[in-house]
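# A look at the structure
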Amino acid sequence: MKRSKSEREIFLNRLKYRKYIILLIQVGILAGLVILWELCAQIGLIDSFITSQPSRIVKTIINLSSNDLMMHLGVTCTETIIGFVLGVLFGLIIASVLWWFKTCAEIFEPYLVILNSLPKIALGPIIIIWVGAGMKAIIVMALAISLIVTVMELLNGFKSTDKDLITTAETFGAKKYQVFFKVVFPSNIKTLINSLKINLGLSLVGVIAGEFLVSKAGLGYLIVYGGQVFKLDLVMASVIILAVFAAIIYKIVLIFEKLALKNRR
Amino acid sequence: MDILEIKNITMNYQDINSEVTAIDNISLNVKQGEFIVVIGPSGCGKSTLLSIICGILKPSSGEIYIDGVKTTGITPKIGYMLQSDNLLEWRSIYKNILLGLEIQGRINEETIDYANKLLKTYGLYDFRNSYPSQLSGGMRQRAALIRTLVTNPEILLLDEAFSALDYQTRLSVTDDVYSIIKKENKTTVMVTHDIPEGISMADRVVVLSKRPAVIQSIHEIQFEDITDRTPLLCRKSPKFSSYFDTLWRELDMNETV
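Rules of the game
Note on numbering: residues in each chain are counted from 1, in written sequence order. Lettering for chains starts from A, numbering for ligands starts from 1, and both go in the order in which the items are written. Restriction of local features to residues with pLDDT of at least 70 applies here, the model being predicted, together with a cutoff of 80 or more for giving and counting side-chain atom pairs; totals for whole chains, interfaces and linings are based on all residues. Segments assigned H or I by DSSP are reported as helices when at least four residues long, segments assigned E as strands when at least two residues long, and all are numbered from the N terminus. Here the globule rule reads 2.2 Å times residues to the power 0.38, and the radius of gyration is calculated from C-alpha atoms. With C-beta atoms placed from the backbone, a residue is buried if 20 or more other C-beta atoms are within 10 Å of its own, exposed if 12 or fewer are, and partly exposed between those counts. Strands are labelled as partners when DSSP assigns at least two bridges between them. For a helix, the expected span equals 1.5 Å multiplied by the number of residues minus one. Working definition: the arc comes from the directions between the helix axis and the C-beta atoms, pointing outward to the latter. Any two residues are considered in contact once their C-beta atoms, placed from the backbone, lie within 7 Å. Asp, Glu, Lys and Arg are counted as charged, while Ala, Val, Leu, Ile, Met, Phe, Trp, Tyr, Cys and Pro are counted as nonpolar; the rest, among them Gly, fall into the polar class. Axis angles are defined between N-to-C directions and span 0 to 180 degrees, where every axis is a line fitted to C-alpha atoms and, for a helix, only to the segment in contact. Here the word oblique covers every angle except those under 35 degrees (roughly parallel), over 145 (roughly antiparallel) and from 65 to 115 (roughly perpendicular). All domain edges in this entry derive from an automatic or database-based domain assignment. Here, a nonpolar core denotes buried Ala, Val, Leu, Ile, Met, Phe, Trp, Tyr and Cys residues that are linked to one another through C-beta atoms within 7 Å. By definition, any crossing whose near helix is turned counterclockwise from its far helix by less than a right angle is left-handed, and any crossing with a clockwise turn is right-handed. Values of pLDDT, ranging from 0 to 100, describe the predictor's confidence in every residue of the model.

What follows is about the overall build of chain A. Regarding its fold elements, chain A presents 12 helices and zero strands. The N-to-C order of helical and strand elements in chain A reads α-α-α-α-α-α-α-α-α-α-α-α. Against the compact-globule benchmark of 18 Å for 265 residues, chain A has a radius of gyration of 24 Å, which places it well outside the compact range. The dimensions of chain A, computed from C-alpha atoms along their principal axes, are 75 × 75 × 30 Å. Counting all 265 residues of chain A, 31% fall into the buried class.

Set out below in structure tokens:
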């Protein structure tokens, strides 16, 4: 009995050890690259005017926080959230309607397919002319990029709901709305969360693309502005902040996923 | 009067290439409390027949009468169990069992009491807050049966209800379900491709021919040597193998002709 326990302990320790080693290497790679980058710039092996350098990026970030970094981050954040929420909401409504009216879904299928494969950035000029250059255009851009994918993903999920589950509900006399709310929708929570993840990423892509095109504020604006005036420090700083921002909102969705799927398998 | 009358049911399936007659003029009467087993070659239209009785499928012609009243579509007088238990993974066992009542808008003190009583009687009360994934295959099947019984149907339709289970579980679940059905005094029509399972449960076995399905023969199954009949006891009776031989030969003849 004692021997088997120690065997288990060895196993658990090895597992823990492995986890630490992986984390250590992950952090090491990042630290190594940053140090290498800094050193190369310090001794003049690379031109920090073109590549920037970590110490200057940090300085820029500190400087930005004293003036308006928070404002830019706030703008991008607001646009992303509005685009994301609208994308999910409209996506969900459209997908539900298309599930409800099968013929309708069949009629619109080729349109969805073409719209899905069209690079939505191409619509940029049209969007600007139609809704004006400003936050509205950026949100519409985010929506254009994320909406169709959401609709298709959700509709596919709805359509592939286990037929037997639907039949079971129907044998109890379930009406169509009951089938939807009691079976089809809840059995697609996983699909919904997957499409939240995709939607979030795409909304951010849409917002940055939109900011590239029209904005006066936001991280996308900072990146374009930095590039135009050849301030690579500003560009790099903005990209890093953007990466951290994206990681944080992705993490939030993961936490939400964990809560929503608590009781499933 | 018979509780269930199947009158001249014919079913044609239409698709783009052809018209297939799945069922050809089947008539059958079922008495209150009777256990009918329908067997036949695979793809002969056994499940189609159940779907028609249940009302989710409209026959090309013919009528179904329950208690002498002609049915038009789905009715709460019939409970239907499909091949797998079809429990909803995101609902607790208790919530799963109330699904039918919820859909029919019949959740009240009386029906909840009945649900609790069934859960207690059939040993699932302690698991009412568990989720389906935490239960064994046999318990899930029992939960599915209770979900059907809770709406208090007069007739139960079982469509290969045990074929998703492994053999061991299947034997005990068959016993389990049979005793519940008998205790609740329900009329049952069960479709299966498993001859022994059919014999072990049936009062009458109906043999369907291959497509287009007609009733080829009906066999009364009686075990005089057994007093308190259970499927497992039936399997041990000497009469069991003679029933098996008869039915097997009949199905076999059916397949080769």
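Residues and elements named next belong to chain B. Pairing of strand E1 (residues 4-14) with strand E4 (residues 61-66), which is carried by five bridges, proceeds in the antiparallel orientation. Counterpart to Thr-10 in the pairing with E4 is Ser-61. In the sheet, E4 pairs with strand E5 (residues 69-70) via two bridges, with the strands oriented antiparallel. Its bridge partner being in E5, Ile-66 is matched across the sheet by Val-69. Where E4 folds back onto E5 in an antiparallel hairpin, the turn is made up of two residues, including Asp-67, whose phi is positive at roughly 50 degrees.

Moving on to helix H3 (residues 54-66) of chain A. Residues and elements named next belong to chain A. With 13 residues, H3 ought to run about 18 Å at 1.5 Å a step, and its terminal C-alpha atoms sit 19 Å apart, in line with that. Turning to H3, its buried residues are Ile-57, Thr-60 and Leu-64. Viewed end-on, H3 has its buried residues packed into an arc of 60 degrees, placing them on one side of the element. Facing away from the buried side of H3 by over 90 degrees, the exposed positions are Ile-62, Ser-65 and Ser-66. Summarising the contacts, the buried residues of H3 are in contact with helix H4 (69-100) and helix H12 (232-260).

This part covers the interface of chain A and chain B. Listed as interface residues are 16 residues of chain A and, on the opposing side, 18 residues of chain B. Ranked by residues supplied to the side of chain A that touches chain B, first place goes to helix H8 (residues 163-171) of chain A with seven residues. When grouped by side-chain class, the residues that make up the side of chain A that touches chain B number five nonpolar, six polar and five charged.

Residues and elements named next belong to chain B. As summarised here, the arrangement of the four strands in space is E2-E1-E4-E5, forming an open sheet in which the pairing is antiparallel. Each end of this open sheet is capped by a strand with a single partner; those strands are strand E2 (19-30) and E5. Bridge count between E1 and E2: eight bridges; the pairing is antiparallel. Bridged to Met-11 within E2 is Ile-23.

Our next topic: the packing of helix H10 (residues 189-214) of chain A against H12(A). Any two packed helices are characterised by the angle at which their axes cross and by the distance between the axes. Residue and element names in this part refer to chain A. Viewed as axis vectors pointing N to C, H10 and H12 meet at an angle of 170 degrees, and their least axial separation amounts to 11 Å. In terms of their interaxial angle, H10 and H12 are classed as roughly antiparallel. Where H10 abuts H12, its residues Ile-189, Ile-193, Leu-196, Lys-197, Leu-200 and Leu-204 lie against Ala-246, Ile-249, Tyr-250, Val-253, Glu-257 and Ala-260. The residue inventory of the contact of H10 with H12, partitioned by class, reads 10 nonpolar, no polar and two charged.

All right, on to the domain arrangement of chain A then. It is common to give the size of an interface as the accessible area lost on bringing the parts into contact. Domain parsing of chain A yields domain 1 (2-46) and domain 2 (58-260). Its C-alpha centre places domain 1 of chain A at a distance of 35 Å from the equivalent point of domain 2 of chain A.

Our next topic: the environment of Ile199(B). Residue and element names in this part refer to chain B. Mapped onto the fold, Ile-199 is located in helix H7 (residues 195-201). With 33 residues separating them in the primary sequence, Ile-199 and Leu-232 have C-alpha atoms 11 Å apart. Filtering out sequence-adjacent residues up to four positions away, Ile-199 remains in contact with Val-205, Ile-221, Cys-234, Phe-240, Tyr-243, Phe-244 and Leu-247.

What follows concerns the nonpolar core. Residues Val37(B), Val38(B), Ile53(B), Met81(B), Leu157(B), Val189(B) and Val205(B) are the most contacted members of the largest nonpolar core, which totals 122 residues. It is helix H7 (residues 135-159) of chain A that contributes the most residues to this core, 17 residues altogether. Beyond its immediate sequence surroundings of up to four residues, Val37(B) is in contact with Met190(B), Thr192(B), Gly198(B), Met201(B), Ala202(B) and Val205(B).

Okay, the packing of helix H6 (residues 124-131) of chain A against H7(A) next. All names here are of chain A. Where H6 contacts H7, the axes come no closer than 9 Å and their chain directions differ by 135 degrees. The angle between H6 and H7 places the two elements in the oblique class. As H6 runs across H7, the sense of the crossing is right-handed. Each of Gly-124, Ile-127, Ile-128 and Val-131 in H6 lies in contact with H7, whose residues at this interface are Lys-136, Ala-137, Val-140 and Met-141. Among the residues forming the contact of H6 with H7, the class breakdown is six nonpolar, one polar and one charged.

Take the confidence of the model for chain B next. In the predicted model, chain B carries a mean pLDDT of 88, and 98% of its residues have values of at least 70. Scored as a complex, the prediction yields pTM 0.84 and ipTM 0.86.

Now for the sheet that holds strand E10 (residues 215-220) of chain B. In a beta sheet, neighbouring strands are held together by backbone hydrogen bonds and run either parallel or antiparallel to one another. Residues and elements named next belong to chain B. Taken in spatial order, the six strands line up as E6-E7-E8-E3-E9-E10 in an open sheet, and their pairing is mixed. One side of each edge strand has no neighbouring strand; the edge strands of this open sheet are strand E6 (78-81) and E10. Sheet twist, expressed as the average angle between the axes of neighbouring strands with direction ignored, equals 15 degrees. As paired strands, strand E3 (residues 35-39) and strand E8 (residues 187-191) are joined by four bridges and run parallel to one another. Looking at E8, one finds that Val-37 is bridged to Met-190. Together, E6 and strand E7 (155-159) form the strand contacts of helix H5 (residues 137-150), whose direction differs from that of E6 by roughly 165 degrees.

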